[in-house]
Amino acid sequence: MSNLLALTIIWPLIAGIIAAFLNNKKRVVRPLAQLFAVISSALAILVLYLVSANGTIVLETGSYEAPFGIVLVGDLLSVTLVVTTNIIATACVFYAPKSLTEKQESFFFYSFFFMLITGVSGAFLTGDIFNLFVFFEVLLMASYGLIVLGNGKAQLRESLKYVLINLFSSMLFVTTVAFLYSVVGSVNMAQVAQRVQEVEQQGVLTTIAILFFFVFATKAAVFPLYYWLPRPYVVPNPVVSALFGALLTKVGIYSILRIFTLIFVGELDLTHTIFIYLAAFTMIFGVIGALSTHNVKLIVAYNIIPAVGFMLMGIGIFSEVSISGTIYYLINDMIIKAALFLLVGVIAYVAGTSDLRKMSGLIHHYPALGWLMFISTLVLAGIPPFSGFVGKLLLIQGGLANEEIMVVIASLVSSLLILFSMIRIFVRGFWGEKTKSPPHPERSKSAGRMIWPIAFLLSLTVLLGVGAEWFYPPVEWMGEYLMDPQMYIDSVIKE
Amino acid sequence: MEIVMSILAGILFMTGVYNLLQKQLLRIVIGTALISHGAHLFILTMGELKRGAPPILTDGIEQYTDPLPQALILTSIVISFGVTSLLLVLAYRASKLNGTDNMEQLRGNDYE
Amino acid sequence: MLLAVLLPFIIAIFIPLLSRWKHNLHTGFFVTAVPVVIFIYFIRFIGQGFEPVEREYSWIPSLDMNILLYLDGLSLLFVLLISGIGSLVAFYSIYYLHKSEQLGHFYVYFLLFMGSMLGVVLSDNVFVLYTFWEFTSLSSFLLIGFWNHREGSRYGALKSMLITVFGGLSLLGGLVYLSVITGTSSIQEIMSQRELVLNHEFFPLILGLILLGAFTKSAQFPFHIWLPDAMEAPTPVSAYLHSATMVKAGIFLVARFFPMLSVSEWFFIIVSTVGIFTLCWGSYMAVRQTDLKAILAFSTISQLGMIMAMLGFGTELAIFAAAFHILNHATFKGSLFMVAGIVDHETGSRDIRRLGGLMTFLPITATLALVASFSMAGVPLPFLNGFYSKELFFQSVYELDLSVTGIIAFLQSIFPYLAVFGSIFTFVYSMYFFFGTFRGQGRIEKLPKKPHEAPIGMLVSPLLLVVGVIVIGLIPDLINKPFVEHAASAIGGADISKDIYFWHGIKPPFIMSITVVVFGTILFLVRPKWASVYKIVPGILSLNKFYDGLVARTERYSTVITDGYMNGSLGRYMRLILVAIMLVTFSVMIYTGGFTVDTGNLSDIRVHELLIALVMVIAAFGTIVAKNRIAAILILGVVGYGLAMLFVVYRAPDLALTQLIIETVTVGLFLLVFYHLPKLKKTSESPFTKTMNVIISAGFGLLMTMVAISAHSSKLFDSMSSYFVDNSYELGGGDNIVNVILVDFRGLDTLFEIAVLGIAAMAVFSLIRLREKKKEE
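Residue indices begin from 1 for each chain and proceed along its sequence in written order. In the order they appear in the text, chains get letters beginning with A and ligands get numbers beginning with 1. The predicted origin of the model limits local features to residues at a pLDDT of at least 70 and limits the giving and counting of side-chain atom pairs to 80 or more, whereas totals for whole chains, interfaces and linings rest on all residues.

Peer 1: Help me understand the overall build of chain C in this model?
Peer 2: Labels follow the DSSP assignment, with helices taken as runs of H or I lasting at least four residues and strands as runs of E lasting at least two, numbered in each case from the N terminus. When helices and strands are tallied, chain C shows 33 helices and 2 strands. We take the radius of gyration over the C-alpha atoms and set the globule estimate at 2.2 Å times the residue count to the 0.38 power. Rg of the C-alpha trace for chain C: 38 Å, well past the compact-globule value of 28 Å for 777 residues, more than 25% over. Judged by the C-alpha coordinates and their principal axes, chain C covers about 115 × 60 × 55 Å. Whether a residue is buried, exposed or partly exposed follows from its count of other C-beta atoms within 10 Å of its own C-beta, namely 20 or more, 12 or fewer, or something in between, respectively; the C-beta atoms are built from the backbone. Classification of the 777 residues of chain C by burial places 55% in the buried group.

Written out as structure tokens, the structure reads:
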């Protein structure tokens, strides 16, 4: 039964390989990719069902007992995130054919796409810190493949910066793993946690912890390390941006969440206080970035950053409520970011520009698009009853309960500014004088088809908000679970 | 010797970072290569150096050097190779398309 | 009762279908039925011996977010206002909005608002209250933006949204804090634990946050600036949201939390000062306006200030007067907005400078306006409800307790004068509104339309409201005992019972009223003589300019700040990132005493190792100084081969082999690629950047070395590697432990390492081969 867990990683890998061989037969590869993505989601949901029914699934690969072999740990958190990843990916794969050129499709889009899922799912599931590095490389390499797809001038220019900064942080990552290994003699996360706990995180361990934090913070785009993020996320195809926005930074945040609830919890006053300050700066500077531009894609890209701040805030506050808040926000943000990137992709497509100053009155021709934009603005700003609110509420509750007033105020201010930055798209782009015909009438038809995946994702955010009663209790449990690292350790290392 | 090796690896990082901060693409890519050399040397040093035989089981030998860092380095070397080769091609294409290999001229404000 | 709140939302879903189904019938007819039904449902709660009704419906119990409905005197007052005025406005809108407009949209927003507003006043759960609160802001945003082809509409909508959502978020902070302190999210339960809240060290913050929410919503100074711009909405909306109901949500909130918050001195100081000041400012500014709706907007601001001030006074009389005035204001202001709408509709203009002398053309409208505006002015006539509440206001401000000392005493001593001052201007703008529109010399021929009396359907609603004005004026007891008293008691948290008389005798309140009328009349008559004063006072402190500046500056400075560091330069990014990492990591290392050197556990130093290391160091520096690209690449190769040599020395044969091969291939690739690229040039870095680069790279190298030495010096546990040594042959069947680890123990790593190579190959392939045709753009 626990082998199913590996299948959630292996299945997309196989799908990616198959897609690689079919790259020139787009008639075949398109429906096949969609089918594979749906199967992958179904698999993930099945695993989620098993986990929620029977508890954490630990797969010792090659049957080498933990901590010596590599373990995959399917606990509720990681499997939930795998499910979210797959659902988003499925929405994207249905959007892709309309958005990509045929050339781009035939140059291994679907392979990179599935490899990305492999890497992301693997990073969520692995219980081995070096293996985490390997999965990071898988997803990064897939993202390099996706980001250069199309070979535009600006695209390659920005890709270059993206690759270089990620390469640097990967090297720092692997070095830091080595440092950690030197001190505790293990790379198995459960055993590392156990050992760090045993020596009360003494000596150089906190320094190593901070290096880990910076490695993941670079991926997660935390202040002051996010410079690389916005522009490279704008240049590729919208479907690629959506995958990046939904998945890549979130893997970084997930890693911080995991490492700093499981392993490095011995110097909370120091490490987690640093997080709170960085979280506040991340929110404010991120949203300032979003306000600074008139490019709709860039507005959305910048809005990734404050969301990261929100999630980091929960980790910094470090209580059951705030950790649950981070998890809820994480799930919500993955979905809404995917939806938003797809959405601005359509907007830029039908308007023929992504410059807000050149758009006006789109709602008269594309009402559905306009309302989807409006709702996603509300979701992003955390207006109830949409899902963004639940996470934000929990984070504020956690913050106030611990009397972290400043970061709570920062979060409220940045919520307002997020709303401002996003509603500008609606007010300036969608409202306005009705024109006789839309800017590019010939694009209406495919745009109409492109909004279905977006509507699907948005309906999920509504469901996550209005139906929070179904989703919150497990997340609440995850908060308790993460705050008690012993549960994870015991499930992996059986004495 | 571990301290010497740590310093050496630190110097590799240092020169790597210095190259990374330069403008010309070639230097930048060389910088990344140096950094990955430094990283691998760090991993090796983190196992204990020279404590026993090469990790190939031989009769009568009890003490072997730590095999795990070696395995990790091997994985990492291969991955670095993949990334470096991609980076080289990307650097080549990007500079051809944009007509310069100077990163400062590759700032860009147009997003297509 | 839940159904009553949800009804508008449910109907709203069907509106788009409905308007498509019945093209010829105005959608407004369906919509009017909704508030009427709600009104009838709730009116039966009126009566003596009214007990609060509570209903709980489960929504998200795990977040303590249940729909808890609580109907007491206060919420009943608001519910009836919302549904009553709602019915009239909906009916009025049928004649106001032509069928060619996007009626479906309009009525969806309208119902959305109505449902949310009912939710606000009925919710006992703070989170649900907040949900509805934000929804009123959103529906207001959409309604103001209804005619979004107008620049003014978009501007007003955005402004109102930013300001009210700002307040909403602040309110959220306050409410969440309350629930965190008390451990409950029910307002009633929070208030039952008020000692806990009042003694909390952050109580002033909570008070401030909640009041900020209330003040922004109820357009109190200095947040009132969104309300005049909200007049871009269709007039029925102005009458409904921006006068009778939504703007009173802030008043409602203050009233709801009154029993708890009013215990604090700060409550009195802040709320009554802001209220009085808003009263004065609003009425003063109203006289300056030329647009009929703008006059009414400032008048609303001023009246809201008056109600807010009365809540701030906090005496029983003042609370009673506040509850009474909430109702009275809705009647006369609602009808005046409808009158303004009629004038606009029938003449095509709302500019008071172009209007005048309409009495003869719109006699019924004029009569309604006369009654309503005189009631608003507080003219002492026994059939004008406005006078009663004005009189109560004067009485309550006059009877403030003067036995206290300090700032409170000072405030209490100046409030009566401010109250009179504000009321004088209220009188002036009321006269100005009526006489300016309906009397005097009009230039009828220059109006866009030839004026004539409005259709009967349009007159019904204002007429009913004016009847209300008169009936309340003649028989105040009709609503006092069964209705206002309960509302006042609910606010005060104690039984409050007052009688409403017309004639109190010649006492200070009456003298104040007379003063208002006398000075008001004089000021109105000589208005042109002192109008120049407006150039001085709002001229120098225009809050609108401040807002516009703030918004524009937010965007501009954001751009300046962001472009300041996000300049696309990789070098810049890297420098910033590295500096951040170094600063924090070094500090942490020093702070935790992380740096340790243990020389006891080292292997010996051999000369040949040192030689290799030395060569590598020289080569590494060589890459920096190399002037020739081929040389640089080859020197890099030396480092790589040096590393391979080290692998040999340190007994890692597999590594050495792999490194040799890969280094060779990489150097080859380097040469291949850079053969095609420009030659190395002398870098023209500024000395500063150069120094920075040196410091940063040296610092970073040092950091890594220090962490490495410390990590190596503090080996706290035995490595897991002994397992691999012990089991390599038995479990993995191989002698070469590294190989067994790679393919067996850690096979997963290797599998995905291969995947990485595969992806890299595909990426390289697509980089080289994919050539898009020139894009269309």
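There is more to say after this.
Peer 1: I'm lost on the overall build of chain A in this one. Help?
Peer 2: Broken down by element type, chain A carries 20 helices and 2 strands. Among the 495 residues that make up chain A, the fraction classed as buried is 74%. Placing a C-beta atom from the backbone of each residue, one calls two residues in contact when those atoms lie within 7 Å. Residue pairs in contact within chain A that sit at least 24 positions apart in sequence constitute 82% of those at least 6 positions apart.

Peer 1: It is not clear to me how the pairing of strand β2 (residues 65-71) of chain C should be interpreted in this structure. Could you clarify?
Peer 2: Successive residues of a regular strand alternate their side chains across the two faces of the sheet. Residue and element names in this part refer to chain C. Of all 7 residues in β2, 7 are buried, a share of seventy percent or more. Side chains Met65, Ile67, Leu69 and Leu71 project from β2 onto one buried face, and the interleaved Asn66, Leu68 and Tyr70 project onto a second face that is buried too. Summarising the sheet, strand β1 (residues 53-60) and β2 pair through 6 bridges and their orientation is antiparallel. If you follow tyrosine 57 over to β2, its bridge partner there is isoleucine 67. Between β1 and the antiparallel strand that follows it, β2, lie 4 residues; aspartate 64 among them carries a positive phi value of about 60°. Strands are labelled as partners when DSSP assigns at least two bridges between them.

Peer 1: Can you walk me through helix α2 (residues 26-54) of chain A in this structure?
Peer 2: Given 3.6 residues per turn, any residue in an α-helix points the same way as the ones three and four places further on. Residues and elements named next belong to chain A. The end-to-end C-alpha distance of α2 is 41 Å, a good match for the 42 Å that 29 residues give at a rise of 1.5 Å each. Where α2 is concerned, the buried positions are Val29, Ala33, Phe36, Ala37, Ser40, Ser41, Leu43, Ala44, Val47, Leu48 and Val51. Positive backbone phi, at 90°, marks glycine 55, one or two positions downstream of α2. Each residue after the first adds 1.5 Å to the expected span of a helix.

Peer 1: I keep staring at the interface of chain A and chain B and nothing clicks. Help me out?
Peer 2: Where the parts come together, the accessible area they lose is often given as the size of the interface. Opposite the 30 residues of chain A that make contact, chain B presents 29 residues. Taken together, the elements giving at least two residues each to the side of chain A that touches chain B come down to α5 (129-147), α6 (153-184) and α9 (230-234) of chain A. Polarity classes work like this: nonpolar for Ala, Val, Leu, Ile, Met, Phe, Trp, Tyr, Cys and Pro, charged for Asp, Glu, Lys and Arg, and polar for all others, with Gly in that last group. When its residues are assigned to classes, the side of chain A that touches chain B shows 19 nonpolar, 6 polar and 5 charged.

Peer 1: Looking at this model, I keep getting lost on the domain arrangement of chain C. Mind explaining?
Peer 2: Segment limits for the domains were obtained from an automatic or database-derived domain assignment. Under the domain assignment, chain C is made up of domain 1 (1-261), domain 2 (263-531), domain 3 (569-717) and domain 4 (718-777). Inter-centroid distance (C-alpha atoms) of domain 1 of chain C to domain 4 of chain C is 59 Å.

Peer 1: Just to check I follow, could you spell out the packing of helix α8 (residues 205-220) of chain A against helix α26 (residues 570-591) of chain C for this structure?
Peer 2: Helices that pack against each other are described as a pair by the angle of their axes relative to one another and the distance between those axes. Each axis is a line fitted through C-alpha atoms, and for a helix only the stretch in contact is used; angles between axes span 0 to 180 degrees, taken between their N-to-C directions. One can describe the packing of α8 of chain A onto α26 of chain C by two numbers: an axis separation of 9 Å at closest approach and a directional angle of 160°. In terms of axis orientation, α8 of chain A runs roughly antiparallel to α26 of chain C. Where α8 of chain A crosses over α26 of chain C, the handedness of that crossing is right-handed. Across the interface between the two elements, Thr206, Thr207, Ile210, Leu211, Phe214 and Thr218 of chain A from α8 of chain A touch Ile577, Ile581, Val584, Thr585, Val588 and Met589 of chain C from α26 of chain C. Each residue belonging to the contact of α8 of chain A with α26 of chain C can be placed in one class, and the counts come to 8 nonpolar, 4 polar and no charged. Roughly parallel means an angle under 35 degrees; roughly antiparallel means over 145; roughly perpendicular covers 65 to 115; every other angle is labelled oblique. Should the near helix be turned anticlockwise from the far one by less than a right angle, the crossing is left-handed, and should it be turned clockwise, the crossing is right-handed.

Peer 1: Which parts of the structure should I look at to understand the interface of chain C and chain A?
Peer 2: At the interface, 82 residues of chain C touch 91 residues of chain A. When residues of the side of chain C that touches chain A are traced back to their parent elements, those giving at least two are β1, α5 (126-144), α6 (151-182), α25 (543-565), α26, α30 (687-713), α32 (737-745) and α33 (747-769) of chain C. Class assignment of the residues belonging to the side of chain C that touches chain A gives a composition of 48 nonpolar, 22 polar and 12 charged.

Peer 1: Quick question: what am I supposed to make of the environment of glutamate 753 of chain C here?
Peer 2: Mapped onto the fold, glutamate 753 of chain C is located in helix α33. Each residue touching glutamate 753 of chain C, except ones within four places of it in the same chain, is listed here: Val134 of chain A together with Thr75, Val78 and Ile79 of chain B.

Peer 1: What is the right way to look at the environment of valine 346 of chain A in this model?
Peer 2: All names here are of chain A. Take valine 346: it is sitting in helix α14 (residues 320-351). By C-beta crowding, valine 346 is classed as buried, having 25 other C-beta atoms within 10 Å. Considering only alpha carbons, one finds valine 346 and alanine 468, 122 residues apart in sequence, at a separation of 29 Å. If near-sequence neighbours (up to four positions away) are discounted, valine 346 is found in contact with Leu369, Ala447, Met450 and Ile451.

Peer 1: Help me out: how do you make sense of unusual backbone geometry in this one?
Peer 2: With the exception of glycine, most residues fall at negative phi, and the peptide bonds are largely trans. In this structure, the amide linkage connecting proline 384 of chain A to the following residue, proline 385 of chain A, adopts the cis form with an omega of 5°. Omega for the bond connecting phenylalanine 221 of chain C with proline 222 of chain C falls within 30 degrees of zero, at 0°, which places this linkage in the cis form. Positionally, proline 222 of chain C belongs in the loop between α9 (203-217) and α10 (226-229). Phi angles above zero are rare outside glycine, and phenylalanine 108 of chain A is one such case at about 70°. Note that phenylalanine 108 of chain A resides in helix α4 (residues 102-125). A tally of 26 C-beta atoms within 10 Å means that phenylalanine 108 of chain A is categorised as buried. The phi dihedral of alanine 221 of chain A is positive, around 65°, even though this residue is not glycine. You can see alanine 221 of chain A is positioned in the loop between α8 and α9.

Peer 1: For this particular structure, what's the right way to read the packing of α5 of chain A against helix α10 (residues 238-262) of chain A?
Peer 2: All names here are of chain A. Axis separation between α5 and α10 bottoms out at 11 Å; the angle between their running directions is 160°. Taken as axis vectors, α5 and α10 run roughly antiparallel relative to one another. In this structure, α5 crosses over α10, and the sense of that crossing is left-handed. For the pair α5 and α10, the contacting residues are Leu132, Leu139, Ser143, Leu146 and Ile147 in the first and Val240, Leu243, Phe244, Leu248, Val251 and Ser255 in the second. Partitioning the contact of α5 with α10 into residue classes produces 9 nonpolar, 2 polar and no charged.

Peer 1: Would you explain the confidence of the model for chain C in this entry?
Peer 2: Caution applies to low-pLDDT regions: their predicted coordinates should not be interpreted in detail. Residues and elements named next belong to chain C. Note on scores: pLDDT gives the predictor's confidence for each residue, bounded by 0 and 100. In the predicted model, chain C carries a mean pLDDT of 87, and 96% of its residues have values of at least 70. By mean pLDDT, the top-scoring element of chain C is α9 (94), and the lowest-scoring one is helix α24 (residues 533-540) (67). Predicted as a complex, the structure gets a pTM of 0.93 and an ipTM equal to 0.94.

Peer 1: Help me understand the environment of methionine 260 of chain C in this model?
Peer 2: Residue and element names in this part refer to chain C. For methionine 260, the position within the fold is in helix α13 (residues 258-261). Distance in space between the C-alpha atoms of methionine 260 and glycine 493 is 9.3 Å, their sequence separation being 233 residues. Contacts of methionine 260, omitting those with residues within four sequence positions, involve Met191, Arg194 and Val197.

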